[in-house]
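# Chain and residue survey
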Protein chains: 2
Amino acid sequence: MKKNCPIYQVMRRMGRRWTILVLAELYKGRKKWKRYSEIKKKIPGLTPKMLSMRLKELEKEGLLKNRVDAKKFPVKSEYSLTKKGEDFFRVIDETKKWGLKWKVGNSDCPYVDCKECEF
Amino acid sequence: MKKNCPIYQVMRRMGRRWTILVLAELYKGRKKWKRYSEIKKKIPGLTPKMLSMRLKELEKEGLLKNRVDAKKFPVKSEYSLTKKGEDFFRVIDETKKWGLKWKVGNSDCPYVDCKECEF
DNA sequence: CGGTATCCTTTCGGATACTG
DNA sequence: CAGTATCCGAAAGGATACCG
């Protein structure tokens, strides 16, 4: 295994706390663009600082994009996945399946039509 | 999203540095049981402390099992994946595919018949 | 060989207050 | 609303030495 092993590289970027949860929130439902506060209130325990950091990292890595409407107050800032970000869905999906299959940490979210996840 | 969301729970366990790389080493090749030193020398930068910690965590989580032959010196300690651990392959596989597709961190390991990965 | 023990540095991340 | 700034404690991780 070398330093440029994809597993090594991906995990260094995506393995930090909240990262994958933020992405998961952006996959949900049919709504493409989501606001900062929408994301924040959906993830229990997530502080504003952490959300800001993760959003910046993900934008830098090219997994999401941000658009800001500053024409009037309050400012409207929205986030959406890029193609690269959408593609990561497969990893999250397998993660979810595995977690459910093995009841990791008593995972009990139903896989289909989950009201909480909308996944 | 609740605390028992599978994605949340899985990432808290598997998102730490080296964890997934250790698992990846155990998937490789046809050899079922692998020794501590075998794993260690394959992962660049991994220290003995970190390997010990991760192996213990993974055993506790039921992803791998350990067998020790202390009948003679030096002691022989070997590790192998459980069914649960093997199952996690799907997540790692998707991670690898994604990393390669998007050249994350200049990932350049060929997907099939990779000499380094044996994956 | 297969780990521990120790020490030390870095990073993470929670809380809270504040601002355009 | 959408963030920053600051502070601080906790946790993670690296280096290295040592041991049965």
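This section reports on the structure supplied with the text. If you're wondering where the values come from, they're calculated on a predicted model, not measured in any experiment.

## Regarding the sheet that holds strand β2 (residues 64–69) of chain B
All names here are of chain B. Spatially, β1-β3-β2 is the arrangement adopted by the three strands of the open sheet, whose pairing is antiparallel. With one partner strand each, in any of the chains shown, β1 (34–35) and β2 form the two edges of the open sheet. Docked against the sheet, helix α2 (residues 19–27) engages β1, β2 and β3 (76–81), running at close to 90 degrees with respect to β3.

## Describing the protein's contact with DNA strand C
Neighbouring DNA strand C are 18 residues, the closest being R17, K49 and R54 of chain A together with S37 and Y79 of chain B. Put simply, 62% of the atoms of DNA strand C that lie within 4 Å of the protein are in sugar or phosphate. The separation between a phosphate oxygen of DNA strand C and a polar side-chain atom of R16 of chain A is 2.8 Å. Here a base oxygen of DNA strand C sits 2.2 Å away from a polar atom, N or O, in the side chain of K49 of chain A. Those elements giving two or more residues to the surface near DNA strand C turn out to be α4 (48–60) of chain A together with α3 (36–42), α4 (48–60) and β3 of chain B. The dominant element in the surface near DNA strand C, judged by the number of residues it contributes, is α4 of chain B, at four residues. Looking at the surface near DNA strand C residue by residue, the classes come out as eight nonpolar, three polar and seven charged.

## Notes on the side chain of T95 of chain B
Take T95 of chain B: it is sitting in helix α6 (residues 89–101). The class for T95 of chain B is buried, based on a relative accessible area of 3%. A distance of 2.8 Å separates the side chain of T95 of chain B from the backbone oxygen of V91 of chain B, its partner in a polar contact. With residues up to four places along the chain from it excluded, the contact list for T95 of chain B reads I7, V10 and V91 of chain A.

The rules behind each value
Residues numbered from 1 in each chain as written. Chains lettered and ligands numbered in written order. Predicted model: local features only at pLDDT ≥ 70, side-chain atom pairs only at ≥ 80, totals over all residues. Heavy atoms only, no water. Pairing = 2+ DSSP bridges. Helix = DSSP H or I, 4+ residues; strand = E, 2+ residues; numbered from the N terminus. Contact = heavy atoms within 4.5 Å. Axes fitted to C-alpha atoms, helices over the stretch in contact; angles between N-to-C directions. Near = heavy atom within 4 Å. Polar contact = N/O pair within 3.5 Å; in protein donor to acceptor, adjacent residues only side chain to side chain. Nonpolar A, V, L, I, M, F, W, Y, C, P; charged D, E, K, R; others polar. Buried < 20%, exposed > 50% of the residue type's maximum accessible area, 1.4 Å probe, protein only.

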